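Letter by letter, the chains look like this.
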2 protein chains.
Amino acid sequence: MSRLIDVADAAAMLSTAEDVLLLTHQYPDGDTIGSAFALCRALRGLGKRARVACADAIPEKYDYLFEDLEEQDFEPQLIVAVDVADPKLLGSLQSVYNGRIDLCIDHHGSNVAYADHLLLRADYAAAAMVVCEVLRAMNVTFTSAIAECIYTGLSTDTGCFKYSNAGAYAHRMAADMMDIGIRYDMINRTMFDIKSRARVELERRALSGMRFYRNDKIAVMPITCAMIDESGAAENDMEGLAPLPRQIEGVWVGVTLREKANKEFKISVRTGNHADAAAICKELGGGGHVRAAGCSLQGELDDVIQTMVDTIVSVVDRI
Amino acid sequence: MSRLIDVADAAAMLSTAEDVLLLTHQYPDGDTIGSAFALCRALRGLGKRARVACADAIPEKYDYLFEDLEEQDFEPQLIVAVDVADPKLLGSLQSVYNGRIDLCIDHHGSNVAYADHLLLRADYAAAAMVVCEVLRAMNVTFTSAIAECIYTGLSTDTGCFKYSNAGAYAHRMAADMMDIGIRYDMINRTMFDIKSRARVELERRALSGMRFYRNDKIAVMPITCAMIDESGAAENDMEGLAPLPRQIEGVWVGVTLREKANKEFKISVRTGNHADAAAICKELGGGGHVRAAGCSLQGELDDVIQTMVDTIVSVVDRI
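None of these values were measured; they are calculated from a predicted model.

Scoring rules and cut-offs
- Residues numbered from 1 in each chain as written.
- Chains lettered and ligands numbered in written order.
- Predicted model: local features only at pLDDT ≥ 70, side-chain atom pairs only at ≥ 80, totals over all residues.
- Heavy atoms only, no water.
- Helix = DSSP H or I, 4+ residues; strand = E, 2+ residues; numbered from the N terminus.
- Rg over C-alpha atoms; globule rule 2.2 N^0.38 Å.
- Buried < 20%, exposed > 50% of the residue type's maximum accessible area, 1.4 Å probe, protein only.
- Pairing = 2+ DSSP bridges.
- Phe/Tyr/Trp six-rings, centres within 6.5 Å; stacked < 30°, edge-to-face > 60°.
- Contact = heavy atoms within 4.5 Å.
- Buried area = accessible area lost by both parts, 1.4 Å probe.
- Salt bridge = Lys/Arg side-chain N within 4 Å of Asp/Glu carboxyl O.
- Polar contact = N/O pair within 3.5 Å; in protein donor to acceptor, adjacent residues only side chain to side chain.
- Nonpolar A, V, L, I, M, F, W, Y, C, P; charged D, E, K, R; others polar.
- Lys, Arg positive; Asp, Glu negative; His and termini not counted.
- Domains from an automatic or database assignment.
- Least-squares fit on C-alpha atoms with pLDDT ≥ 70 in both.

A.B. asks: Please set out the overall build of chain A residue by residue, giving values where relevant.
C.D. replies: If you tally the helices and strands in chain A, you get eleven helices and twelve strands. Expected size for 319 residues packed as a compact globule is a radius of gyration near 20 Å; at 21 Å, chain A falls within 12% of this value. Based on the C-alpha atoms only, the size of chain A along its principal axes is roughly 60 × 40 × 40 Å. When burial is assessed residue by residue, chain A has 57% of its 319 residues classed as buried.

A.B. asks: How would you explain the sheet that holds strand S11 (residues 287–288) of chain B if you had to name every residue and give the values?
C.D. replies: Strand pairing within a sheet occurs via backbone hydrogen bonds; the two strands may be parallel or antiparallel. Residue and element names in this part refer to chain B. Taken in spatial order, the six strands line up as S7-S8-S9-S10-S12-S11 in an open sheet, and their pairing is mixed. Because the sheet does not close on itself, it has two edges, and the strands there are strand S7 (211–213) and S11. As judged from the three bridges shared by S7 and strand S8 (residues 218–223), these two strands associate in the antiparallel manner. Residue pairing in the sheet places Phe212 in a bridge with Ala219 of S8.

A.B. asks: Which residues make up the packing of aromatic side chains, and what values go with them?
C.D. replies: Scanning the entire structure with this criterion turns up nine aromatic pairs over all chains. Each ring, one from Tyr151 of chain A and one from Phe161 of chain A, has its centre 6.0 Å from the other, and the planes form 45°; the classification is tilted. In this pair, Tyr151 of chain A is assigned in helix H5 (residues 144–157) and Phe161 of chain A in the loop between H5 and helix H6 (168–180), connecting sequence segments ten residues apart. The burial state of Tyr151 of chain A is the same as that of Phe161 of chain A; both residues are buried. For the ring pair Tyr151 of chain B and Tyr184 of chain B, a centre distance of 6.5 Å and an interplane angle of 55° mean the geometry is tilted. Highlighted residues: Tyr151 of chain B in helix H5 (residues 144–157) and Tyr184 of chain B in helix H7 (residues 184–193), separated in sequence by 33 residues. On the basis of relative accessible area, Tyr151 of chain B is assigned to the buried category, the value being 0%.

A.B. asks: Which residues make up the interface of chain A and chain B, and what are the values?
C.D. replies: At the interface, 38 residues of chain A touch 38 residues of chain B. At the boundary of chain A with chain B, total buried surface from both sides reaches about 3500 Å², with 54% on carbon and sulfur atoms. Seen at the junction of chain A and chain B, the total is eight salt bridges. Between Arg197 of chain B and Asp216 of chain A there is a salt bridge, with the nearest N and O atoms lying 2.8 Å from each other. At the junction of chain A and chain B, the tally comes to 21 residue pairs in polar contact (both at pLDDT 80 or more). Among the secondary structure elements, those contributing two or more residues to the side of chain A that touches chain B are H6, helix H7 (184–193) and helix H8 (197–208) of chain A. The element contributing the most residues to the side of chain A that touches chain B is H6 of chain A, with eight residues. A breakdown of the residues in the side of chain A that touches chain B according to their chemical character gives 17 nonpolar, eight polar and 13 charged.

A.B. asks: Give me the side chain of Lys217 of chain A: which residues, what numbers.
C.D. replies: All names here are of chain A. Here Lys217 shows up in the loop between strand S7 (211–213) and strand S8 (218–223). Within the buried core, Lys217 has no salt-bridge partner, and the shortest N-O distance to an opposite charge, that of Asp216, equals 9.5 Å. Leaving out residues up to four positions away in the same chain, Lys217 has contacts with Gly250, Val251, Trp252, Val253, Arg318 and Ile319.

A.B. asks: Got a sec to walk through the pattern of salt bridges? Specific residues and values, please.
C.D. replies: Between side chains of opposite charge, a pair can form when the charged atoms approach closely. Tallied over the full model, the rule gives 35 salt bridges over all chains. In this structure, Asp302 of chain B engages Arg211 of chain B in a salt bridge whose closest nitrogen and oxygen atoms are separated by 3.0 Å. Here Asp302 of chain B is found in helix H11 (residues 301–315), whereas its partner Arg211 of chain B is found in strand S7, with 91 residues between them in sequence. Accessibility expressed as a relative area gives 29% for Arg211 of chain B, which makes it partly exposed. Three or more residues are tied together by salt bridges with common partners; here these are Arg136, Asp176 and Asp179 of chain A together with Arg172 of chain B.

A.B. asks: Could you give me a rundown of the domain arrangement of chain A, with the residues and numbers involved?
C.D. replies: Segmenting chain A into domains produces domain 1 (3–192) and domain 2 (197–315). Here the C-alpha centre of domain 2 of chain A lies 32 Å away from the C-alpha centre of domain 1 of chain A.

A.B. asks: An account of the pairing of strand S5 (residues 103–106) of chain B is requested, with residue identities and associated values reported.
C.D. replies: All names here are of chain B. Burial along S5 is two-sided: Leu103 and Ile105 and Cys104 and Asp106, pointing in opposite directions, are all buried. In this sheet, S5 lies alongside strand S4 (residues 78–82) in parallel orientation, the contact comprising three bridges. In the strand pairing of S5, Val80 is matched with Leu103.

A.B. asks: Which residues make up the side chain of His25 of chain B, and what are the values?
C.D. replies: Residue and element names in this part refer to chain B. With respect to the secondary-structure elements, His25 resides in the loop between strand S2 (20–23) and helix H2 (30–45). Polar side-chain contacts of His25 include one of 3.2 Å to the side chain of Asp83. When neighbours within four sequence positions are excluded, His25 is seen to be in contact with Thr32, Cys54, Val82, Asp83, Val84 and Leu89.

A.B. asks: Can you tell me about H7 of chain A, naming the residues and giving the values?
C.D. replies: Because each turn of an α-helix spans 3.6 residues, side chains separated by three or four positions in sequence point in the same direction. Of the residues making up H7 of chain A, those classed as buried are Tyr184, Ile187, Asn188, Thr190, Met191 and Asp193 of chain A. Of the surrounding secondary structure, the elements contacted by the buried residues of H7 of chain A are H5 and H6 of chain A.

A.B. asks: If you had to explain the relation of the copies chain A and chain B to someone new, which residues and values would you point to?
C.D. replies: Turning chain A through 180° and shifting it by 0.1 Å along the axis lays it on chain B, with an RMSD of 0.4 Å. Put plainly, the chains are arranged around a two-fold axis. When the interface residues of chain A are mapped onto chain B, 100% of them again fall at the interface, so both copies present the same face.

Pasting the structure below:
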């Protein structure tokens, strides 16, 4: 179990530390990367050595967050995990660092309290918001580069201020970062607009294959191995497909089926007010949240779809 | 020519007025509708009669902005246009009200100063931001319903805080509206996520027909009458298609060609840092902004595309 600490404690730990290693979660996103590089830049600005480690390659689109930073090699004296709710999420770094993490800064209510010290703000939209408070408590001078790291975490974890977690505090913090001077239009275009041609191809094929049931209240979008091959899509082209079926007017339950090897399907279910995604997926051995949940099924595509539709009909009233 | 007035002047005009008619622009969007109903609600809250007029039917998705308001019928004593840069944009209401508009509240630098009094903030992202300042100067008590009107204008005109116009002031105003209590997640989902099935069909067909030129730096997306017919798309399904070609990685110039009757094409050009959309369209008798411009061409689809590509190549360096 972790000792729960507050912002001032975390600021004190970082202010007195030397040679800090910052760990992100695997399959890194804008919040874990932005949080880690905000800290890295701030610590270096204070004359300390600091570096960021991630189990996976950081996608190219995040280059602007760190491309000017020089490599630093050192034996870490303080190890800090940011936006990492569970040591499992460190991926291949888990075996190296588990049990040695001094501080975790996070915003996931599900944090398993694995670090020696835990600074947790479960009501914040992004870990970058917690990091911002820590840097303020350290009296760090916010450069544009630091502000861009914080803004990136904020913007990506709120879907560019679209989701319910994008509250007043998130907007005010974004405004504060803008006051410092950030390239927010470039950041948002890079994060939200630009798609690879393979991704566009895949989306087109996936939309063509969409099937509707129960007066179009259920939309099922299969993404088969053949579609992925034909479009030339890579793993990072697959992000953000799950919400598409539920974005269609009148759809209560949107289902995305992604074919893996051996006729195994990874299934994402998205719902609105009318249906409980977690309840649907639980029937099939999966789980998740009320509006977004998942499960896995094996079999022929048509059979898997039939199972999904039958389960939805059995769980959701009046569909 | 208009008399240019400030926020306090506009507040005084509205505070002393009775029986106010609020005019929106044709093909109404979230900013003109949000601005008009924010004013309408505030004026009614002060015990005055007020109503909103628009040349076109207001799309259903905006119902939440006014569905609780009762109809009021009266001969207007004060006529106010909001977010209307030119009387032409009043559509069929132009012939009725042109020359009779007492006050225009706007944020378009291109406003032609047609109203008796003009309150213009060309550096604001949305007309709703100007309206918010006027309501504050009137000491109006902001209800949740008024705050939702203001937020809707802000959010829609900034692409949910994604565009370059979404600066610090816009974020802080959004936060202020959230403090009052608004359903911003419902609003953003309604404005940005939900698509009709016909729209999805049309998008799929349009993406399938996309053509690439000059090492994929130019992407051209024709939207033909046949595509529109086959997908069953209506006029309000056509919004927001123009940015799609430029969202593809590596594309400098994105062109959307929408076929009208008689082999006439309405053309939208979108560019990034590498090209000037206005310069391209100017060559073909059109115009617009550096990043977004338009023109019209007549002819066979293939000839029109060739003309566009040739013009782009002649105007844009190193493409």
